[in-house]
Amino acid sequence: MICKINQKQKRVSLSTLLPLFIILIYCTTMLLGCADTSDKKIKIGLSMDSLRVERWQKDRDIFKAEAEKLGAEVIVQSADGDPLKQNEQAENMITQGVDVLVVIPEDSVASSQIVESAHAEGIKVIAYDRLIRDSEPDLYISFDNEQVGYLQAEYLLRKKPKGNFFLLGGDPGDNNAQLLREGQLRALQPALDNGNIQLVADGKHWAVGWDPLDALNKAEQVLTLTNNQIDAVVASNDGTAGGVVQALEGQNLAGNVLVSGQDADLEACQRIVKGTQTMTVYKPIRLIATEAAHAAVALAKGETIQKADQTVNNGKIDVPSIILTPIQVDKDNLDEVVIKDGYHSQEDVYKSE
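The following paragraphs examine the structure supplied in this document. All of these numbers come straight from a predicted model, not from anything done at the bench.

Re the overall build of the chain
Okay, step 1: Per the secondary structure count, the chain includes 12 helices and 14 strands.
Okay, step 2: With 353 residues in all, the chain has 48% of them scored as buried.

Here it is as structure tokens:
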């Protein structure tokens, strides 16, 4: 038996099936789109001031490893201490389609352009270790840098409650250097007020770019100016402390003048063991790098950073912040703090002994 379909039946069938086809195509497209979104790897840009300082190499390696463990891809660029180059590199990473930019700013003000450019493309920005000023970064993660400066000066003052102190700051364009100086003066102010200590060279010296060679030159100038009458040097990090120690060695004063530092660099730890550097402030790098990696991935996913329970004003907004705690380190607790944490091996620290 042959069934005949008339034109009216054809029209009814087509009019019934066409919407079904449209729905099928729409659903298939949506499903494919969802699959693409879920499979898309998070891309993080890590914009670094430089890699000249030992600790930044550790930050990079730990951050990258942790982010990759979380399934993200990390693009790393180092600006070699050039703020213009850093801004250009950040623009390039924005063009590459990063989801989040993690910035260690060379210049805390110039880097505000990075935040503006990133936000124009819907990209989140984390200020890492150093605050980005006059902008609206999504997160700031660092140690309490004013407290770092306080710990440096407080330690030296406790060991040398009277005498001539020389304050050697870090790079004047780095917001952290300013915070360190605030903390240092907070610790020293009572002793300055009662005349127990004096600041030589007006306390206005800074090591441009945190450069140990500039620190060496500044320390030599002040030693000449004071006829070697210095009892303590509040050096703002271990690199500048190294320059100071070199200047002191040239005058046979190394080990007699107290010298502070920051970062627990390997050479600084070796100097502490040797006795030419008095102390350093340890900022557990594994902690900050790991926290930053988790925060970057969370921001890329549109999640709220629960640990950002503080704010720091950057001149424009109160930036949501994760603030970590630094630790004073000297010869007595070096093993317990730095070596036990796995930052350096005992063999490496003590090999120069």
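On we go.
Some details on the packing of helix α3 (residues 83-95) against helix α4 (residues 112-120)
For any two helices packed against each other, the geometry comes down to the angle between their axes and how far apart the axes lie.
Okay, step 1: In contact at an axis separation of 9 Å, α3 and α4 are set at 15° when each is read in the N-to-C sense. The pairing of α3 with α4 is recorded here as roughly parallel in orientation. As for how α3 packs across α4, the hand of that crossing is right-handed. From α3, Gln-86, Asn-87, Ala-90, Glu-91 and Ile-94 reach across to α4, where they touch Gln-113, Ile-114, Ser-117 and Ala-118.
Okay, step 2: Considered class by class, the residues forming the contact of α3 with α4 number 4 nonpolar, 4 polar and 1 charged.

Considering the packing of aromatic side chains
Okay, step 1: Considering all chains together, one arrives at 1 aromatic pair under this definition.
Okay, step 2: Ring centres of Tyr-282 and Tyr-343 lie 5.3 Å apart, and the angle between their planes is 55°; this geometry places the pair in the tilted category. Here Tyr-282 is found in strand β11 (residues 280-282), whereas its partner Tyr-343 is found in the loop between α11 (334-339) and α12 (346-350), with 61 residues between them in sequence. Each member of the pair, Tyr-282 together with Tyr-343, is buried.
Okay, step 3: Here the basic side chain of Arg-55 rests over the ring of Trp-56, its NZ or CZ set 4.1 Å away from the ring centre.
Okay, step 4: Across the ring face of Tyr-343, the terminal group of Lys-58 is positioned such that the distance to the ring centre comes to 4.7 Å.

Considering the nonpolar core
Okay, step 1: One finds Ile-44, Phe-63, Val-102, Ile-126, Tyr-128 and Val-338 to be the most contacted residues of the largest nonpolar core, which totals 43 residues.
Okay, step 2: Considering every element that reaches this core, the biggest residue donor is helix α10 (residues 285-300), with 10 residues.
Okay, step 3: Discounting residues that sit within four places of it in the chain, Ile-44 has contacts with Phe-63, Ala-67, Ala-72, Glu-73, Val-74, Ile-75, Val-98, Val-100, Val-102, Ala-296 and Val-297.

Considering the pairing of strand β2 (residues 73-78)
Okay, step 1: Relative to β2, strand β1 (residues 43-48) runs parallel, the two being bridged by 6 bridges. When the sheet's bridge partners are listed, Ser-47 is paired in β2 with Gln-77.
Okay, step 2: Between the parallel elements β1 and β2, the chain passes through helix α2 (residues 54-69) in a crossover that is right-handed.

Thoughts on a negative patch on the surface
Okay, step 1: Together, Asp-82, Glu-88, Glu-91 and Glu-121 make up a region of like negative charge exposed at the surface.
Okay, step 2: Considering the arrangement of structural elements, one finds Glu-91 in helix α3.

Examining the sheet that holds strand β5 (residues 139-143)
Okay, step 1: The mixed open sheet is built from 7 strands, whose spatial order is β2-β1-β3-β4-β5-β13-β12. Strands at the two margins of the open sheet, each flanked by one partner only, are β2 and β12 (310-313). Pairwise comparison of adjacent strand axes, ignoring direction, gives a mean angle of 25° for this sheet.

Things to note about the environment of Ile-141
Okay, step 1: Summarising the element assignment, Ile-141 is placed in strand β5.
Okay, step 2: Residues Ile-141 and Glu-291, 150 residues apart in the sequence, show an inter-C-alpha distance of 8.2 Å.
Okay, step 3: When sequence neighbours within four positions are dropped, the list of residues in contact with Ile-141 reads Ile-126, Ala-127, Tyr-128, Asp-129, Ile-288, Glu-291, Ala-292 and Ile-322.

Focus on the pattern of salt bridges
Okay, step 1: Scanning all chains against the criterion turns up 19 salt bridges.
Okay, step 2: For Lys-64, the salt bridge identified is with Glu-68, shortest N-O distance 2.7 Å. Taken together, the positions of Lys-64 and Glu-68, both in helix α2 and 4 residues apart, correspond to about one turn of that helix.
Okay, step 3: A residue is classified by how much of its surface remains accessible, and Lys-64, at 30% relative accessible area, is partly exposed.
Okay, step 4: We note a salt bridge from Glu-66 to Lys-69, for which the minimum N-O separation is 3.3 Å. A residue pair is termed a helical-turn pair when its members lie 3 or 4 positions apart in one helix, as Glu-66 and Lys-69 do in helix α2 at 3 residues.
Okay, step 5: On the accessibility criterion, Glu-66 (12% relative accessible area) is buried.
Okay, step 6: Among the residues examined, Lys-69 registers a relative accessible area of 66% and is labelled exposed.

Description of unusual backbone geometry
Okay, step 1: The phi dihedral of Trp-210 falls on the positive side, at around 55°, and the residue is not glycine.
Okay, step 2: In this structure, Asp-263 takes a positive phi of about 110° despite not being glycine.
Okay, step 3: Looking at the secondary structure, you find Asp-263 in the loop between β10 (258-259) and α9 (266-274).
Okay, step 4: Of the residues examined, Asp-263 reaches a relative accessible area of 5% and is grouped as buried.

Some details on the pairing of β5
Okay, step 1: Counting buried positions along β5 gives 5 out of 5 residues, so the element sits mostly inside the fold.
Okay, step 2: Bridging between strand β4 (residues 124-128) and β5 involves 3 bridges; their strand directions are parallel. When the sheet's bridge partners are listed, Tyr-128 is paired in β5 with Ile-141.
Okay, step 3: With 4 bridges joining them, β5 and strand β13 (residues 318-324) adopt parallel strand pairing. Bridge pairing in β13 places Ile-141 opposite Ile-322.

Let's talk about the packing of helix α5 (residues 145-159) against helix α6 (residues 175-193)
Okay, step 1: With their axes 6 Å apart at the nearest point, α5 and α6 run at an angle of 40° to one another. The two elements α5 and α6 meet at a crossing, and its hand is right-handed. Of the residues in α6, those in contact with Asn-145, Glu-146, Gln-147, Val-148, Gly-149, Tyr-150, Gln-152, Ala-153, Glu-154 and Leu-157 of α5 are Asn-176, Leu-179, Leu-180, Glu-182, Gly-183, Gln-184, Arg-186, Ala-187, Leu-188 and Ala-191.
Okay, step 2: Among the residues forming the contact of α5 with α6, the class breakdown is 9 nonpolar, 7 polar and 4 charged.

Cut-offs used in this document
- Residues numbered from 1 in each chain as written.
- Predicted model: local features only at pLDDT ≥ 70, side-chain atom pairs only at ≥ 80, totals over all residues.
- Heavy atoms only, no water.
- Helix = DSSP H or I, 4+ residues; strand = E, 2+ residues; numbered from the N terminus.
- Buried < 20%, exposed > 50% of the residue type's maximum accessible area, 1.4 Å probe, protein only.
- Axes fitted to C-alpha atoms, helices over the stretch in contact; angles between N-to-C directions.
- Parallel < 35°, antiparallel > 145°, perpendicular 65-115°, else oblique.
- Left-handed = near helix turned anticlockwise from the far one by under 90°.
- Contact = heavy atoms within 4.5 Å.
- Nonpolar A, V, L, I, M, F, W, Y, C, P; charged D, E, K, R; others polar.
- Phe/Tyr/Trp six-rings, centres within 6.5 Å; stacked < 30°, edge-to-face > 60°.
- Lys NZ or Arg CZ within 6 Å of the ring centre and 35° of its normal.
- Core = buried A, V, L, I, M, F, W, Y, C linked by side-chain atoms within 4.5 Å.
- Pairing = 2+ DSSP bridges.
- Right-handed = clockwise from strand over helix to strand, strands pointing away.
- Patch = residues over 30% accessible without salt bridge, like charges linked within 9 Å, V, L, I, M, F, W, Y side chains within 5 Å.
- Areas by Shrake-Rupley, 256 points an atom, 1.4 Å probe, with all protein chains shown as cover.
- Salt bridge = Lys/Arg side-chain N within 4 Å of Asp/Glu carboxyl O.
- Lys, Arg positive; Asp, Glu negative; His and termini not counted.
- Charge placed at Lys NZ, Arg CZ, Asp CG, Glu CD.

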